[in-house]
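A closer look at the structure
In case you want the letters, here they are:
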Amino acid sequence: MYVTRPAGARDGEPLPTVVLVHGGPFLRGHDLRWDPWAQFLASRGYVALEVEYRGSTGYGFKHFRAGWKEWGRAMQDDLADAVAWAAQQKLVDPKRVCVVGASYGGYAALMGPIRNPGVYRCAVSFAGVSDIDLMSDLVLSDMSEDWKRYGMPQLIGDTKTDRALLDAASPLRQAAKIGVPVLLVHGRLDRRVPIDHSEKFLGEARRAGVKVDWIEYSDEGHGFVNPANEADFLRRMEEFLARWLADDAKR
């Protein structure tokens, strides 16, 4: 795990925190090079926790293998465990934690309050997967047929034989269990995780009474290309975090 703290933070001073979840998920998510989002968050007074949860690569096959078919389950618990550890070290204020991510990280942000209620005060999902079935069903996705036929059943779950597992790991199907505010962001041109994921989730979440702020970027795909759009997103995320991680924030 990588911990980025604000400049001048004092030892033993618990601070509001963002769990910044890498995408993939089956890749090396972080290293010691400059991470613009982590640095941005630290510059605004937040601790950024970047966790190499099980399924991440670069830490041996056993760690990678431990993430197979663990979307929404042990992979989420690794994030919650990281928060608990950081709280024990007096790095973070466990009552003021938000989970943020893009792509798979966006999925983990939506799934976090469902799997680990009480750990997070809010969630931010950019280009997030909202339902594993949609990864194989949407014709606009650029996922290869080989991945859908061979990779997904092995690493994530088979849509037939692992039906119960996938239903339990679906933010879309369990939107009513999200008891925290959500900032939901997507690019209209996304082909990796088509915007249908967020649009379908938005409808279900609002019907369930979840507080959702929705941002759509009409000229972005699976990630930011236009610096002005990314700056706009960071500004609006900053406002969202300030609102919900304040000492007196009410859920």
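The rules behind these values
Residues numbered from 1 in each chain as written. Predicted model: local features only at pLDDT ≥ 70, side-chain atom pairs only at ≥ 80, totals over all residues. Heavy atoms only, no water. Core = buried A, V, L, I, M, F, W, Y, C linked by side-chain atoms within 4.5 Å. Buried < 20%, exposed > 50% of the residue type's maximum accessible area, 1.4 Å probe, protein only. Disulfide = S-S within 2.5 Å. Helix = DSSP H or I, 4+ residues; strand = E, 2+ residues; numbered from the N terminus. Polar contact = N/O pair within 3.5 Å; in protein donor to acceptor, adjacent residues only side chain to side chain. Contact = heavy atoms within 4.5 Å. Expected span 1.5 Å × (residues − 1). Arc of directions from axis to C-beta.

Core analysis: the largest hydrophobic core is formed by 53 residues, its most contacted members being Val-19, Trp-71 and Ile-156. By size, the runner-up hydrophobic cluster in this structure holds 26 residues, among which are Ala-38, Phe-40, Leu-183 and Phe-224.

One pass over the structure, following the stated rule, counts one disulfide. Between the sulfur atoms of Cys-98 and its disulfide partner Cys-122 the distance amounts to 2.4 Å. An S-S torsion of about -135 degrees defines the bridge between Cys-98 and Cys-122 as left-handed. One end of the pair, Cys-98, is in strand β4 (residues 92–102); the other, Cys-122, is in strand β5 (residues 122–126), and 24 residues separate them in sequence. By the burial criterion, Cys-98 is buried, and Cys-122 matches it.

A word on the side chain of His-22. Following the sequence through the fold, His-22 ends up in the loop between β2 (15–21) and α1 (36–43). A distance of 3.3 Å separates a polar atom in the side chain of His-22 from a polar atom in the side chain of Glu-52. Ignoring sequence-local partners within four residues, the contact set of His-22 consists of Leu-27, Gly-29, His-30, Val-51, Glu-52, Tyr-53, Ser-56, Tyr-104 and Gly-105.

With that settled, the discussion passes to helix α8 (residues 196–207). Residue pairs spaced three or four apart in an α-helix point in one direction, given the helix's 3.6 residues per turn. For α8, with 12 residues, the first-to-last C-alpha span of 17 Å sits near the 16 Å given by 1.5 Å per residue. Within the span of α8, buried status applies to His-197, Ser-198, Phe-201, Leu-202 and Ala-205. The buried residues of α8 occupy an angular sector of 125 degrees when the element is viewed end-on, so they sit on one face. Here the buried face of α8 lies against α4 (104–115), α5 (132–137), β6 (182–187) and β7 (212–217). At the C-terminal side of α8, Gly-209 shows a positive phi close to 85 degrees.

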